[in-house]
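Per-entry structural report
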Amino acid sequence: AQKVTQAQTEISVVEKEDVTLDCVYETRDTTYYLFWYKQPPSGELVFLIRRNSFDEQNEISGRYSWNFQKSTSSFNFTITASQVVDSAVYFCALRVMNRDDKIIFGKGTRLHILP
Amino acid sequence: DVKVTQSSRYLVKRTGEKVFLECVQDMDHENMFWYRQDPGLGLRLIYFSYDVKMKEKGDIPEGYSVSREKKERFSLILESASTNQTSMYLCASSRGFSANTGELFFGEGSRLTVL
């Protein structure tokens, strides 16, 4: 069975601090994709990043970075020098390639950036 | 701008009423999805569709049905709304399986309250 666990329900940090959102996934399949989505207060989930299971390179995009480690089945997301606009709910998700097109979401982490 | 549009941002209905939630995408995507989002439960898949007139049950289909008569439109139907269907409903679309890395495009959500 596939599963995505985001153990942090809610996190609050002061602006300009760094923050890491954890994501642990479970799958027996060797080919899969991992995702992060952001849901700002407006409600619409916005795609942030996709990673396939064969590419363990970490990725950096501006203040955002992602650390994918197959050995620990984790795909963690770090925001550096956080800003108030980063306040949102963040979802980690998993898609297994030899299944249908269902994507399994974690329960989300609500991030509060305090001014 | 590519878009997934949900017909109503907010609805209030009474128990037993029939409810239609409409979703339209302009990206010519093959796949469309309906999720519901509840605090502490994350996103749960209700139904999805790979093609016109095709539908597949997700994880929580009970009490819901769907209709996909045209490629761009995917409707969620609550035949007889109940209070436990009070939730945020999110529609999403993605490209077809052969071209699909899994990225979902979401609408802004429809917040349904059943009294």
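First, a word on what this report is: a plain description of the structure on this page. Remember, predicted model here, so these are calculated numbers, not experimental data.

We now examine the overall build of chain A. When helices and strands are tallied, chain A shows zero helices and twelve strands. The secondary structure elements of chain A, listed N-terminal to C-terminal, are β-β-β-β-β-β-β-β-β-β-β-β. Computed over the C-alpha atoms, the radius of gyration of chain A is 14 Å, within 12% of the 13 Å expected from 2.2 N^0.38 for a compact globule of 115 residues. Counting only C-alpha atoms and orienting by the principal axes, one finds that chain A spans roughly 45 × 25 × 20 Å. The proportion of buried residues among the 115 residues of chain A is 43%.

Time to look at the interface of chain A and chain B. Each side of the interface is counted separately: chain A has 21 residues, and chain B has 25 residues. Note on chain A versus chain B: buried area summed over both sides is about 1900 Å², and carbon and sulfur give 54% of it. Taken together, the links from chain A to chain B amount to five residue pairs in polar contact (both at pLDDT 80 or more). In terms of residues, the side of chain A that touches chain B owes the most to one element, strand β5 (residues 32–39) of chain A, which gives four residues.

Right, let's talk about the pairing of strand β8 (residues 73–78) of chain B for a bit. All names here are of chain B. With five of its six residues buried, β8 lies for the most part within the structure. Strand direction decides the pairing type here: strand β3 (residues 19–25) and β8, joined by six bridges, are antiparallel. The partner of Leu 21 across the bridge, within β8, is Leu 76. Relative to β8, strand β7 (residues 65–70) runs antiparallel, the two sharing four bridges. When the sheet's bridge partners are listed, Lys 70 is paired in β8 with Arg 73. Taking the residues that link successive antiparallel strands as the turn, the β7-β8 hairpin has two residues.

Moving on, we get to the pattern of salt bridges. For the coordinates displayed, the defined rule picks out twelve salt bridges over all chains. Glu 69 of chain B is the salt-bridge partner of Lys 53 of chain B, the closest N and O atoms lying 2.4 Å from each other. Residue Lys 53 of chain B is found in the loop between β5 (42–49) and β6 (56–57), and its partner Glu 69 of chain B is found in strand β7; the two are separated by 16 residues along the sequence. Judged on exposure class, the residue Lys 53 of chain B and its partner Glu 69 of chain B are both exposed. Each of Arg 51, Asp 55 and Glu 59 of chain A takes part in a single network of salt bridges with overlapping partners.

This next bit is on the packing of aromatic side chains. All told, the structure shown has 22 aromatic pairs over all chains when counted by the stated rule. Here the aromatic rings of Tyr 37 of chain A and Phe 106 of chain B are separated by 5.6 Å at their centres, their planes lie at 85°, and the arrangement is edge-to-face. With Tyr 37 of chain A in strand β5 and Phe 106 of chain B in strand β10 (residues 105–106), this pair bridges two chains. The exposure class of Phe 106 of chain B is buried, given its relative accessible area of 2%. An aromatic cluster of at least three residues, connected via ring pairs, comprises Tyr 33, Phe 35, Tyr 37, Phe 47, Phe 91 and Phe 105 of chain A together with Phe 33, Tyr 35, Phe 48, Tyr 50 and Phe 106 of chain B.

Calculation rules
Residues numbered from 1 in each chain as written. Chains lettered and ligands numbered in written order. Predicted model: local features only at pLDDT ≥ 70, side-chain atom pairs only at ≥ 80, totals over all residues. Heavy atoms only, no water. Helix = DSSP H or I, 4+ residues; strand = E, 2+ residues; numbered from the N terminus. Rg over C-alpha atoms; globule rule 2.2 N^0.38 Å. Buried < 20%, exposed > 50% of the residue type's maximum accessible area, 1.4 Å probe, protein only. Contact = heavy atoms within 4.5 Å. Buried area = accessible area lost by both parts, 1.4 Å probe. Polar contact = N/O pair within 3.5 Å; in protein donor to acceptor, adjacent residues only side chain to side chain. Pairing = 2+ DSSP bridges. Salt bridge = Lys/Arg side-chain N within 4 Å of Asp/Glu carboxyl O. Phe/Tyr/Trp six-rings, centres within 6.5 Å; stacked < 30°, edge-to-face > 60°.

Nothing here speaks to function; it is geometry throughout.
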